[in-house]
Amino acid sequence: MSRSEHIGTNGLPLAPGLGDVPAAPAKALGSRERLVELIRERFAGRRLVVVSNRAPVLHVRGEGGRLATLQPASGLTTAMLPIVEACGGTWVAHGGGTADFDVTDARGGLGWPPERPAFRLRRVRLAPDVERGYYYGLANEALWPLCHVAYVPPVFRHRDWAHYREANRAFADAVLDELGDGPGVVFVNDYHFALLPRMLRRARPDLLVAHFWHIPWPNRQVWGLLPWAEEFLDGLLGSDLLGFHVQGHCGHFLDTVDRALEARVEHEYHRATRGGHATFVRPFPISIDARAFTALARARPFEAAFPGVAARTDGRLVLLGVDRLDYTKGIPHRLQMFETLLERHPDFRGRATLVQVGAPTRSVLPRYAALAREVAALVAGINTRFGTPGWRPVLYLDEHHDRDALAALYRRADACLVTSLHDGMNLVAKEYVAARAGLPGTLLLSKFTGAARELLEASLINPYDVEGSAEVLAAALRLPDAARAEGMRRMLSRLERHDVYNWARRLFRSLDEVAWRREALGFPGT
């Protein structure tokens, strides 16, 4: 069998009309079109199903019962949405909106967007106790702090583990229902679904399953704290391809498997084989649609998006932080760093304002509620200590904002401060670079992010070193505009070459290679 015969010539089921558009010559294809072309050529007849906990859109009932749609703040959905829109198929996600199932068919599905559906959104209904245990409990009180190693102790409850298994089974059932008996490619996302690949493998050994782990993977000693460590590893090894942001996390995973399970780990080939099935482990640094985000940032005037902030920052340097209110983002460290900057460099007093966006998240958990109080107290303390009648040092926006407005805010910011204590990638850093296209800017970036491996012209810091970080910030803000503009230009050029479509293309190309090894060469896992 030749390779071309193996992969076929027809595409996946795409959005209405998309598959009917004649293919452009190869040299004319853009990044998005090259991704569609790859999937059309290499996954003939297979239906694409993407799985994530968070959906790209929620439906809720507002005042008077009026139906409204919300787009949750999420780096994952930001990255995945343009891919699913381009390639079609089905996106399976949790139905967490109060009116999510008011607008679906009997199976919990709907076409999205409604005016011209590009893909099918399949919502999974979870009982409230299952959602609490699976999402707030096991995923976010156990796995999240365990993997980020942010010095917040993980909490392990056996009832949460039971609910995590139940939720993974519900998602597996939804995926299998969407696929029916037909061939499929399943792209599973993140730490919420570690058990899902093995469940799918047992039910449908013919499926191609890729899993992308969006957060860090800790060393084997840390992972060993998890009471169900072996079950999680076995679940992930149901995948054909397992992706992480950086090579270091791939190495940690393979080392963990090597010490914890009966499996053959071949570090030189970046694969682990268990029960006759091989899982290849690869780094795929995720990105954004840089050109689209640049256009978005230019489209809406900052003064219209944030009139109050615009009035308070007119003529001043704007330093920006954009985060979910999560302890891994280092927001208290950032505020202390800004306070140190004002203390040690008085020339920035009255001249610089820190605008901190802190979108509430997981606020029902005690650790997150405590963080919200800590951040509010730090903001009040800085404003009391240094503020004047005409200048408030910190403007704290503790609410959700849509992506269009944030893009305008990025473009206005003279500097963006990314102080994550540990991050798989961090797309805020990349969004800032894209938004400032053609303008000088300063990106202060934690060296504990995946983005630090790519955005080489950023000013790197150790966010735990508050005083040292303040000095790096002061020096970066004093660089000539020409140097700041050139650094941004270089980073933007890299982002435009390695955008989110390039990320997906590399991942799906690797999955195709794995499938060919498995099916055409009789590699373990057939």
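Scope of this entry: the structure provided in the associated data block.

## Concerning the environment of P82
Here is step 1 of the chain: Within the fold, P82 resides in helix α3 (residues 75-87).
Here is step 2 of the chain: Among the residues examined, P82 registers a relative accessible area of 13% and is labelled buried.
Here is step 3 of the chain: Residues P82 and I288, spaced 206 residues apart in sequence, show a C-alpha to C-alpha distance of 9.0 Å.
Here is step 4 of the chain: Here P82 is in contact with V500 and Y501, once residues within four sequence places are set aside.

## What about the pairing of strand β7 (residues 184-189)?
Here is step 1 of the chain: β7 sits mainly inside the fold: 6 of its 6 residues count as buried.
Here is step 2 of the chain: Side chains G184, V186 and V188 project from β7 onto one buried face, and the interleaved V185, F187 and N189 project onto a second face that is buried too.
Here is step 3 of the chain: In this structure, strand β1 (residues 47-51) lies alongside β7, joined through 5 bridges in parallel fashion. In the sheet register, R47 faces β7, and the bridge partner there is G184.
Here is step 4 of the chain: Examined bridge by bridge, β7 and strand β8 (residues 208-212) share 5 bridges and lie parallel to one another. Bridged to V186 within β8 is V209.
Here is step 5 of the chain: With respect to chirality, the unit in which β7 leads through helix α6 (residues 196-203) into the neighbouring parallel β8 is right-handed.

## Quick notes on the sheet that holds β8
Here is step 1 of the chain: Overall, mixed pairing links the 10 strands, which are arranged β5-β6-β4-β1-β7-β8-β9-β12-β11-β10 in an open sheet. The outermost strands of the open sheet, each flanked by one partner alone, are β5 (109-112) and β10 (264-266). Strand after strand, the sheet turns through a mean of 20 degrees between neighbouring axes, direction not considered.
Here is step 2 of the chain: Bridge analysis of strand β9 (residues 241-244) against strand β12 (residues 277-283) gives 4 bridges, and the strand direction is parallel. Each residue of the ladder has a partner; that of G243, found in β12, is R282.
Here is step 3 of the chain: Sitting on the sheet, α6 is in contact with β1, β7, β8, β11 (271-274) and β12, with an inclination near 175 degrees to β8.

## With respect to the pairing of strand β14 (residues 352-359)
Here is step 1 of the chain: Of all 8 residues making up β14, 8 are buried, and the element is well covered by its neighbours.
Here is step 2 of the chain: Neither face of β14 is exposed, since A352, L354, Q356 and G358 on one face and T353, V355, V357 and A359 on the opposite face are all buried.
Here is step 3 of the chain: Taken together, the 8 bridges between strand β13 (residues 317-324) and β14 define a ladder with parallel strand orientation. Bridging across to β14, L317 finds its partner in A352.
Here is step 4 of the chain: Of the pairings in the sheet, the one linking β14 to strand β15 (residues 394-397) comprises 4 bridges and is parallel in character. Within the sheet, the bridge partner assigned to V355 lies in β15 and is L395.

Procedures and definitions
- Residues numbered from 1 in each chain as written.
- Predicted model: local features only at pLDDT ≥ 70, side-chain atom pairs only at ≥ 80, totals over all residues.
- Heavy atoms only, no water.
- Helix = DSSP H or I, 4+ residues; strand = E, 2+ residues; numbered from the N terminus.
- Buried < 20%, exposed > 50% of the residue type's maximum accessible area, 1.4 Å probe, protein only.
- Contact = heavy atoms within 4.5 Å.
- Pairing = 2+ DSSP bridges.
- Right-handed = clockwise from strand over helix to strand, strands pointing away.
- Axes fitted to C-alpha atoms, helices over the stretch in contact; angles between N-to-C directions.

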